[in-house]
Amino acid sequence: MIRSASPSDFVAIKRLYAQLQPADPPVTHEAVFLQIIEQPGLDLLVLELSGQVVATTYLNIIPNLTRSARPYAVIENVVVDETHRGTGLGRKIMDATLTRAWEAGCYKAMLLTGSSNPNTHAFCRASGFSADAKTAYLARP
């Protein structure tokens, strides 16, 4: 089952994020998690398998003045539990994430990755993303 996250999913999402960014400090900001799941235009999706959260994505719907005022989507923090990778669950949750973006009227969805893993890039392409449509630049403080 794929659904929007609820407050009780915080621990499961923390566990998945630790797999996504193992070098990062542990996620501890439950108040930020609650802010995300309550904020209109933000959707933290989870995929449950046998009652356990095994995948998540973070969909951001951003209002826009161009493109006939159609919003666009940014998808972040895509992670499937390492014991379930390669089973098609990533594709299922990404399909659901994109469906929500299209249903919200988004004219495009963007997904960035810092991974050099060929499997990650193959997953992005198989999910319908093109690496040659735009050039991305990243600034950090």
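Residues numbered from 1 in each chain as written. Predicted model: local features only at pLDDT ≥ 70, side-chain atom pairs only at ≥ 80, totals over all residues. Heavy atoms only, no water.

Student: Can you help me understand the layout of surface pockets in this one?
Tutor: Empty pockets left among the atoms are what a rolling probe the size of a water molecule brings to light. A volume near 990 Å³ is recorded for the largest pocket. Residue lining of the largest pocket: 30 residues in total, with Leu20, Val78, Thr113, Ser115 and Thr120 positioned closest to the centre. Put simply, the parts of the chain that give the lining of the largest pocket at least two residues each are helix H1 (10–20), strand S4 (72–80), helix H4 (89–103) and helix H5 (118–126). The biggest single contributor to the lining of the largest pocket is S4, with five residues. Broken down by class, the residue content of the lining of the largest pocket amounts to twelve nonpolar, 14 polar and four charged. Taken as a whole, the second largest pocket encloses approximately 650 Å³ of empty space. As for the second largest pocket, its lining consists of 21 residues, and the residues nearest its centre are Met110, Leu111, Phe129, Ser130 and Ala131. Among the secondary structure elements, those contributing two or more residues to the lining of the second largest pocket are H4, strand S5 (109–111) and H5. Looking at the lining of the second largest pocket, its residues break down into twelve nonpolar, six polar and three charged. (1 Å grid on protein atoms, 1.4 Å probe; cavity = no way out; pocket = protein on both sides within 12 Å on 5 of 7 lines; lining within 4 Å. Points joined across faces, edges and corners; volume = space filled by probe spheres on them. Helix = DSSP H or I, 4+ residues; strand = E, 2+ residues; numbered from the N terminus. Nonpolar A, V, L, I, M, F, W, Y, C, P; charged D, E, K, R; others polar.)

Student: In this structure, what is going on with the packing of aromatic side chains? I would like to understand it.
Tutor: Per the counting criterion, the structure on display carries one aromatic pair. Their ring planes at 50° and their centres at 5.2 Å tell us that Phe10 and Phe33 sit as a pair that is tilted. Of the two residues, Phe10 is situated in helix H1 and Phe33 in helix H2 (residues 30–38); the sequence distance between them amounts to 23 residues. Just as Phe10 is buried, Phe33 falls in that class too. When the ring centre of Tyr72 is taken as origin, the NZ or CZ atom of Lys108, which lies over that ring, is 5.6 Å away. (Phe/Tyr/Trp six-rings, centres within 6.5 Å; stacked < 30°, edge-to-face > 60°. Buried < 20%, exposed > 50% of the residue type's maximum accessible area, 1.4 Å probe, protein only. Lys NZ or Arg CZ within 6 Å of the ring centre and 35° of its normal.)

Student: Explain unusual backbone geometry to me, please; I cannot follow it from the model alone.
Tutor: The general pattern is negative phi for most residues beyond glycine and trans for most peptide bonds. The phi angle at Ser50 is positive, at roughly 50°, despite the residue not being glycine. When you line up the elements, Ser50 lands in the loop between strand S2 (42–49) and strand S3 (52–62). If you check the backbone angles, Ala69 has positive phi at about 65° while not being a glycine. Along the polypeptide, Ala69 turns up in helix H3 (residues 66–69). The exposure class of Ala69 is partly exposed, given its relative accessible area of 48%.

None of the figures reported here should be taken as evidence of function without further support.
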